[in-house]
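Chain by chain, the residues:
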Amino acid sequence: MNQLDRNVNRRTLLRGSIALGTLAWFSPGVFAEELARTPRMTEGPFYPDKLPLDTDNDLLIVNNSITPAVGDVTHLTGRVLSSSGEPIRNTVVEIWQVDNRGVYLHSADSSRKQRDTNFQGFGRCATGPNGEYYFRTIKPVPYTGRTPHIHVRVKKGNRELLTTQIFINGHPQNKRDGVLADIRDPFDRELVLVDFKPIAESKVGELAARFDVVVGRTPAEPAKERRS
């Protein structure tokens, strides 16, 4: 237990704590061997086919524009961890999602619909010394056939470590979403459900969301079979 930062969110530890029972609470380092890995999920068809010139971690402002994107401002934070609980620094976290109108930054989608050009639609952030990342974006919205979600990809160098999606915990459309339903294990499903909580001191209704990513084999680890 003492080998893990206590800021790791509850869902990250859910599978490990249930699987190990009370032993986990009294055995130092047990969690480090049993940390539940974030489920892999489909990339989907709308990873940007042409990346924007602005790919920073603030998706609300494009380049030097003074007009922000429309939507519920959300501060998305978290850490990238190994399955042993160690923070992974200098990884690149990418996110992409639809704008407030339900349109992706992709020619197959945005060419047919009116996209919010003030929304960046895609962003990148390198993790810091403690594996932390940060994005300013909007709360995801639903579109035809899908519950609200944000796509997430973690890379180190040219190597992809994980692609997944995050979902709004408790959203009514989650029960009808085919992609989310593909995660059969209810414990794994918990790992991609995120609370979007109002920030008490915000005067404009900003939200905070935390999503810790636990990856399996990293380039520095010995080769072994990845969990499917």
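Going by the structure above, here's the rest.
Let me begin by describing the structure that accompanies this report. All figures in this text were calculated on a predicted structure; none of them were measured in a lab.

About the thresholds
Residues numbered from 1 in each chain as written. Predicted model: local features only at pLDDT ≥ 70, side-chain atom pairs only at ≥ 80, totals over all residues. Heavy atoms only, no water. Core = buried A, V, L, I, M, F, W, Y, C linked by side-chain atoms within 4.5 Å. Buried < 20%, exposed > 50% of the residue type's maximum accessible area, 1.4 Å probe, protein only. Helix = DSSP H or I, 4+ residues; strand = E, 2+ residues; numbered from the N terminus. Contact = heavy atoms within 4.5 Å. Pairing = 2+ DSSP bridges. Polar contact = N/O pair within 3.5 Å; in protein donor to acceptor, adjacent residues only side chain to side chain.

### Focus: the nonpolar core
Of all hydrophobic cores here, the largest spans 28 residues; its most connected members are L76, V80, Y133, F135 and F211. If one sorts the elements of this core by residue count, strand β6 (residues 159-168) sits on top with four residues. For F135, the contacting residues outside a window of four places in its chain are N57, L59, T74, H75, L76, V93, I95, G123, R124 and C125. Core analysis: the second largest hydrophobic core is formed by eight residues, F46, W96, V98 and F122 among them.

### A short note on the pairing of strand β9 (residues 207-210)
A one-sided burial pattern is seen for β9, the buried positions being L207 and A209 and the unburied ones A208 and R210. Bridge count between strand β1 (residues 73-81) and β9: four bridges; the pairing is parallel. Among the inter-strand pairings, T74 is bridged to a residue of β9, identified as L207. Of the pairings in the sheet, the one linking strand β8 (residues 196-198) to β9 comprises three bridges and is antiparallel in character. Counted as the bridge partner of P198 is L207 from β9.

### Focus on the side chain of T74
By secondary structure assignment, the location of T74 is in strand β1. The buried category is assigned to T74, whose relative accessible area is 1%. A polar side-chain atom of T74 sits 3.1 Å from the main-chain amide nitrogen of K139. With near-sequence residues (within four places) excluded, T74 lies in contact with F135, R136, T137, I138, K139, F196, L207 and A209.

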